Amino acid sequence: MLMCWKSRHKPYPGFLSTCFKWIFTPLWLLTFVLNLSCYGLATETNTIVQKDAQFDFTYNDEVKTGIQTIYAFNHTVSRNKTEGIRVWVNLLSENTKSPILFVVRQKQAVLSFQVPLILRGLYQRKYQYTQVGRTLCQPPTRTLAETQYFYVDVSTLSSSVISYQLRISRVDRFTLQTDSKFSFTATPSQPQYFKYDFPDGVDSVIVKVNSLTNFPCSVMSIQDIQCPVYDLDNNVAFIGMYQTMTKTSAITVQRKDFPSNSFYVVHVVKTEDEACGGPLKYYPLLPDQLMDPGNRSKTLEVVVSPAIKSEVYVMGMLFCLGIFLSFYVLTFLMACVENKRGPQRREGLAHPADMSPAETVQCDFCPFAGKGLVNASPYEYGSVADNGSTFSSEAITDSIASADVNYGYMERSLGSVGCSRQDSLSSVEEDDYDTLADIDSDKNIVRTKKYLCVSDLARKDKRILSKKYQIYFWNISTIAVFYALPVIQLVITYQTVVNVTGNQDICYYNFLCAHPLGALSSFNNILSNLGYVMLGLLFLLIVLQRDITHNRALVRNDLAALECGIPKHFGLFYAMGTALMMEGLLSACYHVCPNYTNFQFDTSFMYMIAGLCMLKLYQKRHPDINASAYTAYACLAAVIFFSVLGVVFGKGNTVFWIVFSVIHILFTMLLSTQLYYMGRWRFDSGVFRRTLQIIYTDCITHCSGPMYIDRMVLLVMGNIVNWSLAAYGLIEKPSDFASYLLAIAICNLLLYFAFYIIMKLRSGERIKCFALVCILFTAVVWGFALFFFFQGLSTWQKTPAESREHNRDCILLSFFDDHDIWHFLSSIAMFGSFLVLLTMDDDVDYVPRDKIYVF
């Protein structure tokens, strides 16, 4: 070795070759001898035992390293009958360090598994099962009958003897029959699957699996007839359609998706219940610690029933179209009748039977002639009834309203008023009155009067206001386009993911009444939203007809259109109709794949509808001081922003609920102040000083009551309602934040609407027959609609498996479920609500605005 080491520094080719031969020749000989000895040892100790085995017989055998047992089976396979074969293994030995490997070799498939079987859960938890049962995949045969062989190889690397039991049996009722219930039991290590063949004339079926117990959690899968069948917890999601279940599971299967006209119904019990909303076990202390699986046996019942036929689809679509087209027909008939009665009706209102035309003009338009507006109280003249009678009360004005101020607005002659309407739009701006200090003082005087008339808050040029309110329509149309396009793209992606992956847990359908059409999984829930679109379009047509009629009256200088009734501004009505149509479109998009991430699609325009309705109610008698479109939509955007935050972060988050409740209460107080003072207050550094001064002066020094009692009553009630809702949210922390936010908007809308109706009747006005019918009809429809809404057929507040516990069968035409009826009724109710807002003040169309009270 020393000589070889020296050769490294003084290389000699001959000597180097001698060193290599001296070192490596013995190593090669040693390796050769060891290989021969190992081969001879293996040949001598490896034993293969082959047995001709029988079905339905339990084999009690042993195995250890060097011993391999092969069980040979044969059976007859028929083309017209599929026979299931089940392999069951039970490990008798305890504390085995090496598992037994079972390999089942078939003609066209191989199945292998180890016993004990190790299945993994979350956080790398391991569960060991000593009893394993598997069903062999049966590939179809082309011959009428064929004898096939399969072999079960049993081997292990354990040096000690391991005892086991093996049983091969035939499965009774492996092929499921239509409308025939079948019960079976499954565990995580003993999954079950069965075959179903489509009968002639049936293009789709619904597979329903039920259980009496919620847990253990399980998975139902629909897979094509091919090998291997993925029937373990760790691979069941690899292919086909699947969904988790507790008590109920249902999947609609279409023939077109399975070329073999048959499929497997696979049922796997999961190792843990967390996916179904169950408790999560503790984290293992050691990385290789085996968890006790416990008793996870579950008894299930499966039934396959034919789904609806194409005739039912056609019937459902015709029914949906027929309902809403009937509203078009009814509206057309009413318009024809109104068109015939219109001239006589308007003439009767303008010239009552017991009053001459001259007297009518004198009564309606001339009581303030030659006087300043503030010198005449709103209560000095009564409302004009249809018969021309009036009621009067004592003139009451406050100190500000009694000031001798010449407004120069009502003193204009009617002729000059008519001419001013034809001036160029560019010569008048909305803020003309706001640029002069004396006009601003004038606004302070008018808007702080104790009793206000509509004429006090309808001083700005009508064309400017119309342009202002038309912005509502154009803005919401722009918002709709920019909002709807990405929504449609997203839900198409959702549906594609569901169809490609087969994961039925992504979308929260009512699976017991989800009828697919094309790529859509629940076409009926989408179709039922058609009412929002059709009735929204019908409302736009009604508003357009009224708008055209009113503009024609303005062109011919109709005095009633110029100076009587609630000022006609249709921009908000157009926005409401557009919002109703968009609600239908976005609700349909949401129901393409309903889940918590896209629930805002279904609610965003609900917030807008509620906000626009409140703005329209306020605009009716406050046209000059209503919020601009930019302010209104900015506030609605903030609402939607909080809705998204609540859905993502609000569930059980105390900090979020505290912040939201504080913002809710502060906003309510600021809005109350704005409404009470008609916008004549300033939010600046001195607001707190002025507030304390008013409290000290009015509550401590003089103890005087509020100047505007009616407004105060409304705002106190509104604050009570909103503070109560804020307290409820802070205490209960409802998980459905979007619906909670919508409830706040609806409660405020209903409160303001009730106040408006009460004050309208209290002021001596009346509600016409058509508006009264609309109110009563809408109230009844809303009641039925809410009944179906609260049925709760699914909920994304729970896991998909828990949500399916609420699923129910179809109740209308075998096509529509409770939520579809909610869509029908709520769209009709919203349409009726819009008609109420449109027609509720038609009784004052021929009453001068200085006789219409503001509330």
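Here is what the cut-offs are and how they apply
Residues numbered from 1 in each chain as written. Predicted model: local features only at pLDDT ≥ 70, side-chain atom pairs only at ≥ 80, totals over all residues. Heavy atoms only, no water. Helix = DSSP H or I, 4+ residues; strand = E, 2+ residues; numbered from the N terminus. Buried < 20%, exposed > 50% of the residue type's maximum accessible area, 1.4 Å probe, protein only. Contact = heavy atoms within 4.5 Å. Areas by Shrake-Rupley, 256 points an atom, 1.4 Å probe, with all protein chains shown as cover. Disulfide = S-S within 2.5 Å. Pairing = 2+ DSSP bridges. Core = buried A, V, L, I, M, F, W, Y, C linked by side-chain atoms within 4.5 Å. Axes fitted to C-alpha atoms, helices over the stretch in contact; angles between N-to-C directions. Parallel < 35°, antiparallel > 145°, perpendicular 65-115°, else oblique. Left-handed = near helix turned anticlockwise from the far one by under 90°. Nonpolar A, V, L, I, M, F, W, Y, C, P; charged D, E, K, R; others polar. Phe/Tyr/Trp six-rings, centres within 6.5 Å; stacked < 30°, edge-to-face > 60°. Lys NZ or Arg CZ within 6 Å of the ring centre and 35° of its normal. Expected span 1.5 Å × (residues − 1). Polar contact = N/O pair within 3.5 Å; in protein donor to acceptor, adjacent residues only side chain to side chain. pLDDT = per-residue confidence, 0-100. Salt bridge = Lys/Arg side-chain N within 4 Å of Asp/Glu carboxyl O.

A tally of helices and strands in the chain yields 20 helices and 21 strands. A total of 855 residues make up the chain; the buried ones form 49% of that total. Within the chain, residue pairs in contact and separated by at least 24 positions form 80% of the contacts whose partners lie at least 6 positions apart. Working note: accessible area of the chain is about 42,300 Å², and carbon and sulfur atoms make up 63% of it.

Enumeration according to the criterion identifies four disulfides in this entry. Between the sulfur of Cys137 and that of Cys227 lies a disulfide, 1.8 Å long from S to S. Handedness here is read from the sign of the S-S torsion; for Cys137 and Cys227, about -90 degrees, the answer is left-handed. Of this pair, Cys137 sits in the loop between strand 9 (131-135) and strand 10 (145-156) while Cys227 sits in the loop between strand 16 (218-224) and strand 17 (241-245); the two residues are 90 residues apart in sequence, bridging distant segments of the chain. By relative accessible area, which is 8% here, Cys137 ends up buried. The class for Cys227 is partly exposed, based on a relative accessible area of 28%. Covalent S-S linkage joins Cys513 and Cys810, the inter-sulfur distance amounting to 1.8 Å. Measuring the twist about the S-S bond at about 110 degrees, one finds the Cys513-Cys810 disulfide to be right-handed. Separated by 297 residues along the polypeptide, Cys513 in the loop between helix 7 (462-501) and helix 8 (523-527) and Cys810 in the loop between helix 19 (800-803) and helix 20 (818-839) bring together distant segments of the chain. Cys769 forms no disulfide, and the closest cysteine sulfur to it belongs to Cys774, at a distance of 9.5 Å.

Bringing the sheet that holds strand 20 (residues 290-291) into the picture now. Strand order across the open sheet formed by three strands is 7-8-20, with mixed pairing between neighbours. On the outer flanks of this sheet lie strand 7 (117-120) and strand 20, each paired with one strand and no other. The sheet contact formed by strand 8 (residues 126-129) and strand 20 spans two bridges and is parallel. Of the residues in strand 20, the one forming a bridge with Lys126 is Leu290.

The biggest cluster of nonpolar side chains holds 113 residues, and the ones touching the most others in it are Tyr472, Phe539, Phe605 and Leu612. Setting aside residues no more than four positions away along its own chain, Phe539 makes contact with Phe573, Met576, Gly577, Phe831, Phe834, Leu835 and Leu838. With 36 residues, the next largest nonpolar core counts Ala186, Tyr196, Met220 and Val266 among its residues.

So, on to the packing of helix 12 (residues 599-621) against helix 20. At a minimum axis distance of 11 Å, the contact between helix 12 and helix 20 shows a crossing angle of 15 degrees. In terms of orientation, helix 12 lies roughly parallel with respect to helix 20. Taken as a pair, helix 12 and helix 20 cross one another with a handedness that is left-handed. Here Ile609, Cys613, Leu617 and Lys620 of helix 12 come into contact with helix 20, specifically with Met830, Phe834 and Leu837. Residue composition of the contact of helix 12 with helix 20, by class: six nonpolar, no polar and one charged.

Taken in spatial order, the four strands line up as 2-11-4-9 in an open sheet, and their pairing is antiparallel. The open sheet terminates on both sides in strands that have one partner only, identified here as strand 2 (57-63) and strand 9. In this sheet, neighbouring strand axes are inclined to one another by 20 degrees on average, regardless of whether the strands run parallel or antiparallel. Alignment of strand 2 against strand 11 (residues 162-171), held across seven bridges, turns out to be antiparallel. Residue pairing across strands places Tyr59 opposite Leu166, the latter belonging to strand 11.

Take the pairing of strand 8 next. In this sheet, strand 8 lies alongside strand 7 in antiparallel orientation, the contact comprising four bridges. For Ile118, the partnering residue across the bridge sits in strand 8 and is Gln128. The turn linking strand 7 back onto strand 8 is made up of five residues, and Tyr123 within it adopts a positive phi angle of 55 degrees.

In total, this model carries 57 aromatic pairs according to the counting rule given. Measuring from centroid to centroid gives 6.2 Å for Tyr469 and Tyr472, while their planes differ by 25 degrees, and the two rings are stacked. Residue Tyr469 and its partner Tyr472 are both found in helix 7; the two are separated by three residues, about one turn of the helix. When its relative accessible area of 0% is taken as the criterion, Tyr469 is described as buried. Overall, Tyr472 belongs to the buried group, its relative accessible area being 0%. Among the aromatic residues, those joined into a ring-pair cluster are Phe641, Phe642, Phe656, Trp657, Phe660, Tyr728, Phe737 and Tyr740. Of note, Arg170 hangs over the ring of Phe55, and the distance from its end group to the ring centre comes to 4.0 Å.

A few words now on helix 20. With 22 residues, helix 20 extends 31 Å from end C-alpha to end C-alpha; this agrees with the ideal 32 Å at 1.5 Å per step. Burial of helix 20 is extensive: 20 of the 22 residues sit out of reach of the surface. You can read the cap of helix 20 off the contacts: a side-chain oxygen lies 3.1 Å from the backbone nitrogen of His819, and it is on Asp817.

Its place among the elements puts Ile239 in the loop between strand 16 and strand 17. Separated by 18 residues in sequence, Ile239 and Ser221 place their C-alpha atoms 8.6 Å apart. Setting aside residues up to four positions removed in sequence, Ile239 forms contacts with Ser221, Gln223, Gln226 and Tyr230.

A separate point is unusual backbone geometry. Between Val115 and the following residue, Pro116, the backbone shows a cis peptide bond with an omega angle of 5 degrees. Relative to the helices and strands, Pro116 resides in the loop between strand 6 (110-115) and strand 7. The peptide bond linking Cys227 to Pro228 adopts the cis configuration, its omega dihedral lying at 0 degrees. Within the secondary structure layout, Pro228 lies in the loop between strand 16 and strand 17. Of note in this structure, Arg173 is not a glycine but carries a positive phi near 55 degrees. Note on placement: Arg173 falls in the loop between strand 11 and strand 12 (175-176). Overall, the relative accessible area of 38% leaves Arg173 in the partly exposed class. A positive phi is found at Leu813, a non-glycine position, where the angle reads about 60 degrees. Its location among the elements puts Leu813 in the loop between helix 19 and helix 20.

One can find Ala275 in the loop between strand 19 (262-269) and strand 20. Judged by relative accessible area, Ala275 falls into the partly exposed class, the value being 29%. The sequence separation of Ala275 and Met245 amounts to 30 residues, and the corresponding C-alpha distance is 9.1 Å. Residues contacting Ala275, with those up to four places away along its chain left out, are Cys217, Thr244, Lys270 and Thr799.

Quick look at the confidence of the model for the chain now. Averaged over every residue, the pLDDT of the chain is 81; the share at 70 or more is 79%. Per-residue pLDDT, averaged within each element of the chain, yields its smallest value for helix 4 (residues 357-365) (35) and its largest for helix 20 (96). Of the regions scoring below 50 in pLDDT, residues 36-44 engages in zero contacts with residues more than four places distant in sequence or in other chains. Scored below 50 in pLDDT, residues 352-441 makes 135 contacts in the model with residues more than four places away or belonging to other chains.

All right, on to the pattern of salt bridges then. For the structure on display, the rule yields 22 salt bridges. The shortest N-O distance in the salt bridge between Asp233 and Lys270 comes to 2.9 Å. You can see Asp233 sitting in the loop between strand 16 and strand 17 and its partner Lys270 sitting in the loop between strand 19 and strand 20, a full 37 residues away along the chain. In terms of burial, Asp233 and Lys270 fall into one category: buried. The residue Asp841 makes a salt bridge to Lys760 at a minimum N-O spacing of 2.7 Å. Placement of Asp841 in the segment after helix 20 and of Lys760 in helix 17 (residues 737-762) is noted, with a sequence separation of 81 residues between them. A residue is classified by how much of its surface remains accessible, and Lys760, at 0% relative accessible area, is buried.

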